[in-house]
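As a plain string of letters, each chain reads:
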Amino acid sequence: MTKACTACGSEDLDLEETPPFCNECGEEVTEEEGGSEASANLVVVAVITESVPVPNKDKLTKLRVDLGGGEEVTVVTNAKYCDAGKRIVVAKVGASLPNMEELVAKATVGGVKSEGMVCDSPML
């Protein structure tokens, strides 16, 4: 994800300096308010409401998970021990994880649409 100066919109930033600044307008570059908080809201504790094996895929499981607030999504995972009623950590679409270069996106896994990713502790 590319950062841009909030004052002029330029992406020509000197992030090595303390404080970081924009090379085009000279303004100090700061984190957008709520940026990390908004990203944190995309990684949530969810409850598995349904867990079924993906047909013809030995290691994949299709989960239906309750993200809270009435939001339910389908997530496909190769994680073990994902039984209905258990709580898991889920990265919702758009989440940024430390070990991934790209944001979590909708994907088709084993022929099933997945709208998030189950996270284990090394991913966080």
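All values derive from a computational prediction rather than experimental measurement. (Residues numbered from 1 in each chain as written. Predicted model: local features only at pLDDT ≥ 70, side-chain atom pairs only at ≥ 80, totals over all residues. Heavy atoms only, no water.)

Here the focus is the sheet that holds strand β4 (residues 61–68). Pairing is antiparallel across the open sheet formed by five strands, whose spatial order is β5-β4-β3-β6-β9. Two strands bound the open sheet, and with one partner strand each, they are β5 (71–77) and β9 (116–119). Taking each pair of neighbouring strands and ignoring which way they run, the sheet shows an average axis angle of 45°. (Pairing = 2+ DSSP bridges. Helix = DSSP H or I, 4+ residues; strand = E, 2+ residues; numbered from the N terminus. Axes fitted to C-alpha atoms, helices over the stretch in contact; angles between N-to-C directions.)

Looking now at the pairing of β4. As paired elements, strand β3 (residues 43–53) and β4 share six bridges and run antiparallel to each other. Opposite Ser51, over in β4, you have Leu63 as the bridge partner. Judged from the seven bridges that link them, β4 and β5 form a sheet pairing that is antiparallel. When the sheet's bridge partners are listed, Thr61 is paired in β5 with Thr77.

Turning next to the nonpolar core. Judged by nonpolar contacts, Val44, Ala46, Ile48, Leu63, Val65, Leu67, Val73, Val75, Cys82, Ile88, Val90 and Val118 together constitute the single largest core of 12 residues. Secondary structure elements with two or more residues in this core: β3, β4, β5 and β6 (87–92). In this structure, Ala91, Ala95, Cys119 and Met123 belong to the second largest nonpolar core, which totals six residues. (Core = buried A, V, L, I, M, F, W, Y, C linked by side-chain atoms within 4.5 Å. Buried < 20%, exposed > 50% of the residue type's maximum accessible area, 1.4 Å probe, protein only.)

The next subject is the pattern of salt bridges. For the coordinates displayed, the defined rule picks out three salt bridges. The closest approach of N and O atoms between Asp83 and Lys86, which form a salt bridge, is 3.7 Å. A relative accessible area of 35% places Lys86 in the partly exposed class. (Salt bridge = Lys/Arg side-chain N within 4 Å of Asp/Glu carboxyl O.)

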